[in-house]
Amino acid sequence: MVVTVVWVILAAAALSTLAAVLAGLLSPVSTDPLTRQYFSRAFLERAAAYQRVSLTVYLLRRLVSLAFLTALVTAAMRYWRAAPPVALPRAAALILLFLLLFQLVNLPFDYYRSFIVEHRFGFSAYTLTGWLLDYGKSAAIGLLISTGGLIGLYFLLLRRPERWWVAAGTALTLFMLIGTYLYPLIIDPLFNRFTPLEDEALNSAIVQLAAGAGIKVDQVLIADASRRTNKVNAYFTGVGRTKRIVIYDTLLERFSAAEVLAVIAHEMGHWRGQHILKGMLVGALGSFAALFLLNSLVNRSGLAGDFRVIPLALLFFLLLSLAA
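So, here is what we can say about the structure in this document. None of the values given here were measured: they were computed from a predicted structure. (Residues numbered from 1 in each chain as written. Predicted model: local features only at pLDDT ≥ 70, side-chain atom pairs only at ≥ 80, totals over all residues. Heavy atoms only, no water.)

1. A word on the environment of Ser 65
Right, on to step 1. Mapped onto the secondary structure, Ser 65 falls in helix α3 (residues 41-79).
Right, on to step 2. As a C-alpha pair, Ser 65 and Phe 317 span 252 residues in sequence and 12 Å in three-dimensional space.
Right, on to step 3. In this structure Ser 65 touches Phe 102, Asn 106 and Leu 318, once residues within four positions along its chain are discounted.
Right, on to step 4. Within the structure, Ser 65 has its side chain in polar contact with the backbone oxygen of Arg 61 (distance 2.8 Å). (Helix = DSSP H or I, 4+ residues; strand = E, 2+ residues; numbered from the N terminus. Contact = heavy atoms within 4.5 Å. Polar contact = N/O pair within 3.5 Å; in protein donor to acceptor, adjacent residues only side chain to side chain.)

2. Some details on the layout of surface pockets
Right, on to step 1. The space that makes up the largest pocket amounts to roughly 1200 Å³.
Right, on to step 2. Along the walls of the largest pocket sit 36 residues, with Ser 146, Leu 150, Leu 172, Leu 314 and Phe 317 positioned nearest its centre.
Right, on to step 3. Mapped onto the lining of the largest pocket, the elements with two or more residues apiece are α3, α4 (88-120), α5 (128-159), α6 (164-186), α10 (275-300) and α11 (309-323).
Right, on to step 4. A per-element tally of the lining of the largest pocket places α5 first, with 12 residues.
Right, on to step 5. Looking at the lining of the largest pocket residue by residue, the class counts come to 22 nonpolar, 11 polar and three charged.
Right, on to step 6. When its volume is computed, the second largest pocket comes out at roughly 480 Å³.
Right, on to step 7. Lining the second largest pocket we find 17 residues, and of these Ser 114, Tyr 126, Trp 131, Arg 228 and Thr 229 sit closest to its centre.
Right, on to step 8. Of all the secondary-structure elements, those providing two or more residues to the lining of the second largest pocket are α4 and α5.
Right, on to step 9. Counting residues per element, the lining of the second largest pocket draws most heavily on α5, at four residues.
Right, on to step 10. Partitioning the lining of the second largest pocket into residue classes produces seven nonpolar, five polar and five charged. (1 Å grid on protein atoms, 1.4 Å probe; cavity = no way out; pocket = protein on both sides within 12 Å on 5 of 7 lines; lining within 4 Å. Points joined across faces, edges and corners; volume = space filled by probe spheres on them. Nonpolar A, V, L, I, M, F, W, Y, C, P; charged D, E, K, R; others polar.)

3. Quick notes on α11
Right, on to step 1. Between the first and last C-alpha of α11 there are 20 Å, a value that for 15 residues agrees with the 21 Å anticipated at 1.5 Å per step.
Right, on to step 2. Here α11 lies mainly inside the structure; 11 of its 15 residues are buried.
Right, on to step 3. Turning to α11, the residues buried within the fold contact α1 (2-26), α3, α4, α5 and α10. (Expected span 1.5 Å × (residues − 1). Buried < 20%, exposed > 50% of the residue type's maximum accessible area, 1.4 Å probe, protein only.)

Printed below as a string of structure tokens:
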């Protein structure tokens with residue numbers, strides 16, 4: 001009874017989130033006078049159209065994902081009901097198959113949203129080949145991490161059926177910390193080429209701005225983002241020795257030095273507020289809480305050490321992420 005109630009609450013919370021997104025999707029364009037001082041009606045209507053199509057794709061993608069994982073869990077509960085524990089190599093193959101199918105189910109939505117829609121509104125500079133290459137790299141990285149994580153989860157379920165969630169939470173926290181450190185060194189270069197900022201005046205202004213905020217800047221890098229997008233951006237990334245400021249080349253090309261500094265000052269606010277570290281802390285605490293709840297559901301369902309926990313976990317984390 002308790003297990004059913006928890007699942008119903010999770011599903012209701014997740015669907016409430018999607019309902020709230022739908023309400024936003026159907027809301028009219030803002031007619032606030034203050035807004036109209038800064039943006040034209042044509043701009044607001046175009047922005048609203050972009051949001052509508054983006055949110056529509058998001059809703060459909062989430063609903064299809066929920067349907068797919070629900071069907072996967074239902075099939076797993078029936079097929080594996082009387083089956084013995086699944087050996088680790090076979091479990092790895094099945095997990096990879098699940099994730100590949102899930103990726104293929106979402107591929108049409110990803111393509112439409114990040115290629116078709118972005119081109120329609122003039123944001124994307126991708127060629128189809130370039131998009132496919134980047135999407136393939138991103139999907140491969142995601143599959144590698146997700147498959148490794150779920151194999152590790154199943155291994156812990158088999159070896160530590162009572163305390164697996166503690167080990168899993170600890171491993172996930174370490175992964176977040178190490179991943180944040182290594183991301184600028186390993187992942188970022190797979191998608192962009194980075195060069196040092198050559199504008200000495202701007203570089204000096206950035207360093208001075210950072211010093212005024214009590215932040216030490218070791219590197220200011222330019223990303224060749226114009227190969228794939230017309231959007232502008234700047235961001236801070238990494239922790240410790242991998243900390244750096246990254247500026248899109250599109251931002252430098254289209255905006256004045258003062259405007260670039262304004263954008264960077266916003267990003268410095270994240271750094272000054274230690275938002276990356278705080279985000280990791282919240283993520284770690286949330287992970288332990290989520291894994292503890294999943295462990296309780298698993299034990300109450302009599303599935304301790306059972307391979308069926310894997311598809312169940314996929315559905316659980318999707319519902320929980322929507323609820324959160």
